[in-house]
Every structure is written in C-alpha cells, then in structure tokens.
Amino acid sequence: MTNLLMLHDAHHSALVWRLVANSLHPRWGIAAPDLFDAESLDAMVERIKRDAHNTGISDDGFIIVAPNEAAMPAIWACADSDVPVQGVILSRPVLKVSRSAVRAAKVKASLAGRYAQREELATRPQTAHYLGVLAAAASGDREVEGKLRAVKERFGATPIPVRVLNVEKAKPDAFARKLLGATFADLTGVDIAGAEADWFDYAAHLFAKNIEEFVSNVNEHKGQKDK
C-alpha cells in the first residue's frame, strides 16, 4: 500500500493537493494536514503525526511530499522517530526563512487581502504566520544543521530515498541543496523545465506523474511491488 503525506507551503492551503490527489492512484492513502494554526514547528510535526494516524497511513508508513518552505516541517518530521517515513519528495526546498521575509509578509498582511482569491491559496495573514513559525524555530543555520544531523543519525544505517525537484524559473536555495546532499545518502535530483515555484498548483497532473515515478523507485528500493 502506498501512502502519501502532503504538506502545503506558506502560500497555499492544504486544498492545493486536491487536484494532485485526483491524478494519483485511487487506492493510495493520502493525508494533507492543515498547518496554518500551528504555533511552532514542533506543533506542525504533532499535526502531521495526528493526521497520519487519523487517516490510517501511519500503519504502513508513508512518503512525505513537500514544496518550498514545507521542506522545513518535512525535515523536522523526518527527525522524529515516531514518524514512519519511507521516502521524501521536495520541490524547490527552502530550509531557512529570514526575519526580513517575515516582516515583509506581515506588512503585506496588514495592508489588504485578508481573503484568498482561491481556496487553494493562503491568505496573507496565514502566509505571514506560517513564515513566522519557521523563522522562530530556525533563525540561523545552527538549528537547521542540528535537525539534519538528527535525520542523518536516524537513517544512516538504512537510507531512505529522497527526490529533489528543481524548478527552472525559481531561484534555488543553495543552503538547502548543500545540506540535503550531505544528509541523505540516497538523494536524486530532477530538473523540471519551465516550472515556477508553485507548479504543483497549476500543473497538478505533471506533479502527480513525478510522484508516481518516485513511488515506483521507492517500491524497487524496498524490493516490493505496489498493489
């Protein structure tokens, strides 16, 4: 049984995964927790564990899918031994949020636009809160590097497959690329031509195809055939 835990980033709601999920195998288990009301990164991980348990995907383990800033709760979850991770897909991963980015988001939130134009999008206050939570948990390199060391220690003997989807039209996070490469022994990268940072929103079918390809590789990694 293939299970996916899909994490939304700061600029989208959990509903952004609806079209992606509709393009995937109908028998796959999927959880997409809402992370906006979490007051800390640890609280995000607790929400991840709760939703995974409530949807039943914790029983067999799952693959985490996380774009952009959602890479941070994904990594924090990987460091938690109670989270049964079998693999990770990261699209344009961001592992550090600056205080200036949070301030800019708060200014935008104070000006206008408390309501999102589409339900798949975050409101400006939601974006500002999400980014603030990430910046508070990892204001410098040390916190992120420490969490990645914990991940490496956890999976050092039995590496999990990790796929990084590199989008062409968004600046990559060099900090994330360097640290992820040093942490995960079984890491591969795929370049997505013409893609923007939010391509999972407007190209759901293509994003789903990349998930399916990765799942096939994970099943080969486990020596099992997905049913």
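In the block above lies the structure referred to throughout.
This report concerns the structure included in the present document. Everything numeric here is computed off the predicted structure, so don't read it as measured data.

**Some details on the overall build of the protein**
Along the backbone of the protein there are 9 helices and 6 strands. A compact globule built from 227 residues should have a C-alpha radius of gyration of about 17 Å, and the protein, at 16 Å, falls within 12% of that. Expressed as a percentage of its 227 residues, the buried residues of the protein come to 49%. Sequence separation of at least 24 residues holds for 79% of the intrachain contacts in the protein that already meet a minimum separation of 6. When the accessible surface of the protein is totalled, it reaches about 10900 Å², and 50% of it is carbon and sulfur.

**As for the nonpolar core**
Counting residues in each nonpolar core, the largest one holds 53 residues, and the members touching the most others are Leu7, Ile64, Leu95 and Leu180. Here the element with the most residues in this core is helix α3 (residues 71–78); it accounts for 7 residues. In this structure Ile64 touches Leu5, Leu7, Ala74, Ala77, Cys78, Val85, Gly87, Val88 and Ile89, once residues within four positions along its chain are discounted. Judged by nonpolar contacts, the second largest core, of 25 residues, contains Leu4, Ile192, Phe200 and Ala204.

**Focus on the side chain of Asp201**
Tracing the backbone shows Asp201 in helix α8 (residues 199–202). Side chain to side chain, Asp201 and His12 meet in a polar contact 3.4 Å long. Beyond its immediate sequence surroundings of up to four residues, Asp201 is in contact with His12, Val16, Arg118 and Leu121.

**Examining the side chain of Glu120**
Here Glu120 lies in the loop between α4 (99–111) and α5 (124–137). Among the polar contacts made by the side chain of Glu120, one reaches the side chain of Arg18 at a distance of 3.1 Å.

**Regarding the sheet that holds strand β1 (residues 3–6)**
Across the sheet, which stays open at both edges, the 6 strands sit in the order β2-β1-β3-β4-β5-β6 with parallel pairing between neighbours. With one partner strand each, in any of the chains shown, β2 (29–31) and β6 (187–192) form the two edges of the open sheet. Averaged over neighbouring strand pairs, the angle between their axes works out to 20 degrees when direction is ignored. Here α3 sits on the sheet and contacts β3 (62–67) and β4 (85–91); the angle it forms with β3, its principal contact strand, is near 150 degrees.

**A closer look at the packing of aromatic side chains**
Counted by the stated rule, this structure contains 5 aromatic pairs. Connected via pairs of aromatic rings, a cluster forms that spans Trp17, Trp199, Phe200 and Phe207. In this structure, Lys96 is placed above the aromatic ring of Phe175, and the distance from its NZ or CZ to the ring centre is 4.4 Å.

**Here we look at the pairing of β6**
Across 6 bridges, strand β5 (residues 162–167) lies against β6 in parallel orientation. Across the sheet, residue Arg163 finds its bridge partner in β6, namely Thr188.

**Some words on the pattern of salt bridges**
This model, assessed by the stated rule, comprises 9 salt bridges. Note that Asp80 is salt-bridged to Lys49, the shortest N-O span being 3.0 Å. One end of the pair, Asp80, is in the loop between α3 and β4; the other, Lys49, is in helix α2 (residues 41–54), with 31 residues separating them in the sequence. Each of the two residues, Asp80 as well as Lys49, counts as buried. Ionic pairing is found between Asp201 and Arg118, a salt bridge with its closest N-O pair at 2.9 Å. Pair noted here: Asp201 is in helix α8 and Arg118 is in the loop between α4 and α5, with a separation of 83 residues, a long-range link. Judged by relative accessible area, which is 14%, Asp201 ranks as buried. Given the relative accessible area of 36%, Arg118 is considered partly exposed. Through salt bridges with shared partners, a single ionic network connects Arg18, Arg118, Glu119, Glu120 and Asp201.

Criteria and thresholds
- Residues numbered from 1 in each chain as written.
- Predicted model: local features only at pLDDT ≥ 70, side-chain atom pairs only at ≥ 80, totals over all residues.
- Heavy atoms only, no water.
- Helix = DSSP H or I, 4+ residues; strand = E, 2+ residues; numbered from the N terminus.
- Rg over C-alpha atoms; globule rule 2.2 N^0.38 Å.
- Buried < 20%, exposed > 50% of the residue type's maximum accessible area, 1.4 Å probe, protein only.
- Contact = heavy atoms within 4.5 Å.
- Areas by Shrake-Rupley, 256 points an atom, 1.4 Å probe, with all protein chains shown as cover.
- Core = buried A, V, L, I, M, F, W, Y, C linked by side-chain atoms within 4.5 Å.
- Polar contact = N/O pair within 3.5 Å; in protein donor to acceptor, adjacent residues only side chain to side chain.
- Pairing = 2+ DSSP bridges.
- Axes fitted to C-alpha atoms, helices over the stretch in contact; angles between N-to-C directions.
- Phe/Tyr/Trp six-rings, centres within 6.5 Å; stacked < 30°, edge-to-face > 60°.
- Lys NZ or Arg CZ within 6 Å of the ring centre and 35° of its normal.
- Salt bridge = Lys/Arg side-chain N within 4 Å of Asp/Glu carboxyl O.

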